[in-house]
Each structure stands twice: as C-alpha cells, then as structure tokens.
Amino acid sequence: MRFKTLAALWMKSIEGHVRNTTVKSYRFAIGNALRYLGEKKLGAITAESLDELEIGLREEKKSYRSVRLIFNAVRLALGYAKERGEISSNPAWHYAIRKENYEPDREKKPAAHADIEELLEAYPSGHPYRIPILLMCGAGLRRGEARGLTWDHVDLEKGKLYVIRQLIYRGKEDYEFAPLRSKSLIRDVVLSKQLREELTKWKGYQKANGVFQEEKDAFVCSYDDGKPSCDNRSMEE
C-alpha cells in the first residue's frame, strides 16, 4: 500500500469521530505530506524519508507550527497503518522536530508584530483558532474581548463589531461575561475586507452546523459545541 492510499483511508476513518475543524486541519496537513510521501510504499517510509519531508518543508519556508501539524498527521496516519497490520512499527512515532531550526527569535517578538500569515497557514479556514487570531492580530481585540465577542455585537452589513464587554475564562465549563476594565475601552471596530469575509463564512459555518440558534450571547469564537474556543491553549499559540 502506498502512503496516498493510506492517507485517504485514515482521513475517512476519522470523519465523524473528531470535530469538522480538526478534519480540515488534518486534510491541510496530509495534503502537504503527500507531495513527499504520497507515492512511497508504507514499508519504504523510514526515518530518512521523514528527514527528506522535513527538509523539503523547511525549504518551502513552512513555519514550525505548520511542520508540527503536518508531522502529527503523518504520525497518526502511520499509527493507523500499524493498527491495520500494514506495518510493524511507526517510523514517525519518535521523530523529533527541532524547534531551533525554525527561526527561534520569532518567538521573542511581541504579538503585535507576529507574522499573521504564518499563523493563518497553520490554522486554515474552518479551524476554531483562526477567528481569534484574526480578531486579535487583525482587529486589535484583547484576549478577553475576543473571548467575549458574540454575534449580536457584530454587524456584517455595516462592516463593524462592537466591543462592550469581555469574557473571564477559567475553564471549559467555568467562564462569565464581565465589564471591560475601563469605559474608555468600549469602542466600535471597523472590519477589514478580509476579516469581514472570514466572519461571514464562519458565521455561515456555525449556522449550518447548529452551533447557535440565536445571535444573543452566541460566541463568535467557539467550538462546534458552542463553547468559547479562545481557551488558554489557543491564546498561547
């Protein structure tokens, strides 16, 4: 069996068992891996093959986050092959990606100067972390403001959103709305063309998947279950 066949089987096996946004992320990751591993037979994939994959991705100027996502998908796909008895061991299981090979100084830059395109590449359209990134890096919202933004405070027709409160987040089941630290922080934000289009598509996705019924208090940044996706993990990214 070749890797491209395995990849198709593995993608089909996870559909319906993980979030749709996770499926989209893995599809993006596998698509990148197929350029290097697609035609290889599973038994021919070795540590050297994975070295070639990583070197190729680095030459393409892929970010550390993207490479990590791609290798995670490869690792899971090969793990699936092992479960099926197609291979006896997973060559990607202990493969380590060295973060220092991916511009370590980038981590020291303030968030305001981060490479937004790099983050958006790692979290493609439909991923629950994409909208928080756009709101904070592209519209200047603070962490709690992005968390607390609900659809009744977004006017896509006028191309504006209204920052009037924040969300205090303690855990997945422990959060609450709270006033902003100062009344001077209450403001209208004009949406860029890109952000307006992204929010329109995201709102359509949420409606189609039954994430919310009414706009009031419906989180813009949410998982498919309606819970806020601006958790500590996404903010750390």
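Residues numbered from 1 in each chain as written. Predicted model: local features only at pLDDT ≥ 70, side-chain atom pairs only at ≥ 80, totals over all residues. Heavy atoms only, no water.

**Digging into helix α2 (residues 20-37)**
- Helix length check: α2 (18 residues) gives 25 Å between terminal C-alpha atoms against 26 Å at 1.5 Å per residue, within 8%.
- Among the residues of α2, T21, V23, S25, Y26, A29, I30, N32, A33 and L37 are the ones counted as buried.
- Those residues of α2 that are buried are in contact with α1 (3-14), α3 (47-59), α4 (64-83) and α8 (193-208). (Helix = DSSP H or I, 4+ residues; strand = E, 2+ residues; numbered from the N terminus. Expected span 1.5 Å × (residues − 1). Buried < 20%, exposed > 50% of the residue type's maximum accessible area, 1.4 Å probe, protein only. Contact = heavy atoms within 4.5 Å.)

**Some points on the environment of E198**
- Within the element layout of this structure, E198 appears in helix α8.
- Residue classification places E198 among the buried residues on the basis of a relative accessible area of 9%.
- Along the backbone, E198 and K24 are 174 residues apart, and their C-alpha atoms lie at a distance of 16 Å.
- Leaving out residues up to four positions away in the same chain, E198 has contacts with R130, I131 and L134.
- Within the structure, the side chain of E198 is placed 2.8 Å from the side chain of R130, a separation counted as a polar contact. (Polar contact = N/O pair within 3.5 Å; in protein donor to acceptor, adjacent residues only side chain to side chain.)

**Comments concerning the pairing of strand β2 (residues 160-163)**
- Here β2 shows a buried face lined by L161 and V163 and an unburied face lined by K160 and Y162.
- Both strand β1 (residues 154-155) and β2 contribute to a ladder of two bridges, which runs antiparallel. From the neighbouring strand, V154 faces β2, where its bridge partner is L161.
- In this structure, the hairpin formed by β1 and β2 is closed by a connection of four residues, where G159 is found at a positive phi of approximately 70°.
- Pairing of β2 with strand β5 (residues 187-190) involves four bridges; the strand directions are antiparallel. Bridge pairing in β5 places Y162 opposite D188. (Pairing = 2+ DSSP bridges.)

**Details of the confidence of the model for the protein chain**
- For the protein chain, per-residue confidence averages 86 on the pLDDT scale, and 91% of positions sit at 70 or higher.
- Here residues 105-114 is modelled with pLDDT under 50, and outside its nearest four sequence neighbours on either side it reaches five contacts, counting other chains as well.
- Below pLDDT 50 for its whole length, residues 233-237 participates in eleven contacts with residues either more than four positions away or in separate chains. (pLDDT = per-residue confidence, 0-100.)

**Here's the deal with the sheet that holds β5**
- Spatially, β1-β2-β5 is the arrangement adopted by the three strands of the open sheet, whose pairing is antiparallel. Edge positions in the sheet fall to β1 and β5, since each has one partner strand and no second.

**Examining the packing of helix α6 (residues 130-139) against α8**
- Interaxial distance between α6 and α8 falls to 11 Å at its minimum, and their mutual angle equals 160°. Between α6 and α8, the crossing angle belongs to the class labelled roughly antiparallel. Once α6 is placed against α8, the crossing between them reads as left-handed. Seen from α6, the contacting residues are R130, I131, L134, L135 and A139; seen from α8, they are Q194, L195, E198, L199 and W202. (Axes fitted to C-alpha atoms, helices over the stretch in contact; angles between N-to-C directions. Parallel < 35°, antiparallel > 145°, perpendicular 65-115°, else oblique. Left-handed = near helix turned anticlockwise from the far one by under 90°.)

**Quick look at the packing of aromatic side chains**
- Tallying each qualifying case throughout the model produces eight aromatic pairs.
- Taking 6.2 Å as the distance between ring centres and 0° as the angle between the ring planes, the aromatic pair formed by Y169 and Y175 counts as stacked.
- The class of Y169 is buried, set by a relative accessible area of 14%.
- On the basis of relative accessible area, Y175 is assigned to the partly exposed category, the value being 23%.
- Put simply, the rings of Y169, Y175, F177 and F219 pair up and form one aromatic cluster.
- When the ring centre of F177 is taken as reference, the NZ or CZ atom of R165 above it lies at 3.6 Å. (Phe/Tyr/Trp six-rings, centres within 6.5 Å; stacked < 30°, edge-to-face > 60°. Lys NZ or Arg CZ within 6 Å of the ring centre and 35° of its normal.)

**Focus on the pattern of salt bridges**
- Using the criterion set out here, one finds 13 salt bridges in the structure.
- Between D174 and R170 there is a salt bridge; the shortest N-O distance is 3.3 Å.
- Through salt bridges with shared partners, a single network forms among R142, E145 and R187. (Salt bridge = Lys/Arg side-chain N within 4 Å of Asp/Glu carboxyl O.)

**A few points about the packing of α1 against α2**
- Contact geometry of α1 with α2 gives a least axis separation of 10 Å together with a crossing angle of 175°. Here α1 lies roughly antiparallel to α2, going by the angle between them. Touching F3, K4, A7, W10, M11 and I14 of α1 are V23, Y26, R27, I30, A33, L34 and L37, all from α2.
- Counted by class, the contact of α1 with α2 contains eleven nonpolar, no polar and two charged residues. (Nonpolar A, V, L, I, M, F, W, Y, C, P; charged D, E, K, R; others polar.)

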